[in-house]
Amino acid sequence: MKNLKFIAVLVGLLIAPILSGQEKKIDLFTIPLSNPGSSGVLEVDQISGSITVVAYSGKEVIVKATVHEDDKKCQDCEKKGMKKISGSSLNISAEENDNVVRIHNELWNNKTDFDIKVPTNFSLKLETINNGDIYVEGVNGEMEISNVNGKITLKGVSGAVSADTTNGELIVDFNSITSGADMAFSSFNGNVEVTFPSSLKANVKAKSDMGDVYTDFDMNVSENKPEVDRSSKTGTYKVKVEQWVKGKINGGGPEMMFKTFNGDIMIKSK
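Residues numbered from 1 in each chain as written. Predicted model: local features only at pLDDT ≥ 70, side-chain atom pairs only at ≥ 80, totals over all residues. Heavy atoms only, no water.

1. Concerning the overall build of the protein chain
Using the following cut-off: A run of DSSP states H or I qualifies as a helix once it reaches four residues; a run of E qualifies as a strand once it reaches two. Both are numbered from the N-terminal end. Only protein chains enter the accessibility calculation, which uses a 1.4 Å probe. A residue is then buried if its area is under 20% of the maximum for its type, exposed if over 50%, and partly exposed in between. In what follows, a contact means two residues having at least one pair of non-hydrogen atoms within 4.5 Å. Per-residue and other accessible areas were derived by the Shrake-Rupley procedure at a 1.4 Å probe size, with only the shown protein chains allowed to occlude residues.
A tally of regular secondary structure across the protein chain gives one helix and 23 strands. Classification of the 270 residues of the protein chain by burial places 39% in the buried group. Within the protein chain, residue pairs in contact and separated by at least 24 positions form 60% of the contacts whose partners lie at least 6 positions apart. For the protein chain, the computed accessible surface area is about 14700 Å², with 46% contributed by carbon and sulfur atoms.

Laid out in structure tokens, this is it:
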């Protein structure tokens, strides 16, 4: 624990109060790493707002934020002739331990958009739920990306990705991929579009209930054969044919899973 660093920011201490219905851009903090120049991990998990992570040539993690205060009128907004001039205090903290950086946002009621810079070789674990998208550019590492009500865009990334969103598009553009790594890309309401290097070797498993699957790779598609399930206890005999499209690209390799319910799947080469 000797390498643990903890940083906390309270709006009441560092910036002027946020007026109702306005937004405030804040330079939160710069986080030094225990092992500058080595790969690291960034973890961000929040309720409301966007997360943008862009790689740069530096050796620290730089965090900025834009805070949006709700301007909805309510009975409690004015009390006995007094006007509301500030909402709940912003409470954002970060901790670093052996190049693992965790950012905690305890501002539950207001939307917070993070704008973060990380060194190029950084793994990411990012999650948001409402009122925001997730955007990543130029990062090289293992990425776990999750959104609920918003899209996910990964541009010019390298490494291995597991990404899912419920209501939004999922767009991924790889510069290079980790050899032998399984990956998964899914949405419920939205297209899934993933671009790989033309040298990709993969076993593809793709499914869209309300859309279609497209690719410009020369993929050897497997025949869908009925699956038989016979129960010895009840004597039930069930046959089903899966909707999954399965095939091999460039002779096959690790599994690449693509799934959406309401949208198309596009597996592209570059």
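2. Concerning the environment of Lys151
With respect to the element layout, Lys151 can be found in the loop between β11 (140-147) and β12 (152-167). In this structure Lys151 comes out as partly exposed when scored by relative accessible area, which is 34%. Taking the C-alpha atoms as reference, Lys151 lies 7.8 Å from Gly132; in sequence the two are 19 residues apart. Those residues within four positions of Lys151 in sequence are excluded, and the remaining contacts are Asp133, Ile134, Asn167, Gly168 and Glu169.

3. Considering unusual backbone geometry
Look at Asp98: it is not a glycine, yet its phi comes out positive at around 50°. Within the secondary structure layout, Asp98 lies in the loop between β6 (91-97) and β7 (100-105). With a phi close to 70°, Asn99 is a non-glycine residue in the positive phi region. Inspection of the secondary structure assignment puts Asn99 in the loop between β6 and β7.

4. Details of the pairing of strand β15 (residues 192-196)
Where a strand is regular, its side chains alternate between the two sheet faces. In plain terms, the rule: The pairing criterion for strands is at least two bridges between them, as found by DSSP.
Within β15, four of the five residues are buried, leaving the element largely enclosed by the surrounding structure. Sheet topology note: the strand β13 (residues 170-177)/β15 ladder contains four bridges and is parallel. Bridging across to β15, Asp173 finds its partner in Thr195. Strand direction decides the pairing type here: β15 and strand β23 (residues 265-269), joined by five bridges, are parallel. Within the sheet, the bridge partner assigned to Val194 lies in β23 and is Ile267.

5. Section: the packing of aromatic side chains
Operational definition: A pair of Phe, Tyr and Trp rings is counted when the ring centres sit within 6.5 Å of each other, with Trp represented by its six-membered ring. The angle between the planes then sorts it: under 30 degrees is stacked, over 60 is edge-to-face, the rest tilted.
Applying the stated criterion across every chain yields a total of six aromatic pairs. Their ring planes at 80° and their centres at 6.3 Å tell us that Phe174 and Phe185 sit as a pair that is edge-to-face. Note that Phe174 is positioned in strand β13 and Phe185 in strand β14 (residues 183-189), a separation of eleven residues in sequence. Phe185 carries the same exposure label as Phe174, and that label is buried. Plain terms: the ring middles of Phe174 and Phe196 are 5.3 Å apart, the flat faces sit at 10° to each other, and that makes the pair stacked. Taken as a pair, Phe174 in strand β13 and Phe196 in strand β15 lie far apart in primary sequence, 22 residues in all.

6. As for the environment of Val194
By the element assignment, Val194 lies in strand β15. Relative accessible area serves as the criterion here: at 0%, Val194 is assigned to the buried category. Ignoring any residue separated from it by four or fewer positions in sequence, one finds Val194 in contact with Val172, Phe174, Phe185, Phe258, Met266, Ile267 and Lys268.

7. Some details on the side chain of Ser187
On the secondary structure map, Ser187 appears in strand β14. In this view, Ser187 contacts Thr165, Thr166, Gly168, Val192, Lys259, Thr260 and Phe261; residues no more than four positions away in its chain are not counted.

8. Quick notes on the side chain of Ser48
Put simply, the rule reads: Polar contacts here mean pairs of N or O atoms no more than 3.5 Å apart (in protein, one a potential hydrogen donor and the other a potential acceptor; neighbouring residues in sequence count only if both atoms are side-chain atoms).
Structurally, Ser48 is set in the loop between β3 (40-45) and β4 (51-56). Among the polar contacts made by the side chain of Ser48, one reaches the side chain of Asn131 at a distance of 2.9 Å. Contacts of Ser48, omitting those with residues within four sequence positions, involve Asn110, Lys111, Thr112, Thr128, Asn130 and Asn131.

9. Points about the nonpolar core
As a rule of thumb, nonpolar side chains are buried together in soluble globular proteins. What counts here: In this text, buried Ala, Val, Leu, Ile, Met, Phe, Trp, Tyr and Cys residues form a nonpolar core when linked through side-chain atoms within 4.5 Å.
Membership of the largest hydrophobic core comes to 56 residues, with the highest contact counts inside it found for Leu42, Phe185 and Phe258. The leading source of residues in this core is β12, at six residues. In this view, Phe258 contacts Phe185, Val192, Val194, Phe196, Val204, Lys205, Ala206, Lys207, Trp244, Ile265 and Ile267; residues no more than four positions away in its chain are not counted.

10. A look at the pattern of salt bridges
Our working rule: A side-chain nitrogen of Lys or Arg and a carboxyl oxygen of Asp or Glu constitute a salt bridge if their distance falls within 4 Å.
Following the criterion strictly, the structure yields five salt bridges and no others. The salt bridge involving Lys268 is made with Glu193; its shortest N-O contact spans 3.1 Å. You can see Lys268 sitting in strand β23 and its partner Glu193 sitting in strand β15, a full 75 residues away along the chain. Judged by relative accessible area, which is 32%, Lys268 ranks as partly exposed.

In short, the description is geometric, and any link to function would need to be established separately.
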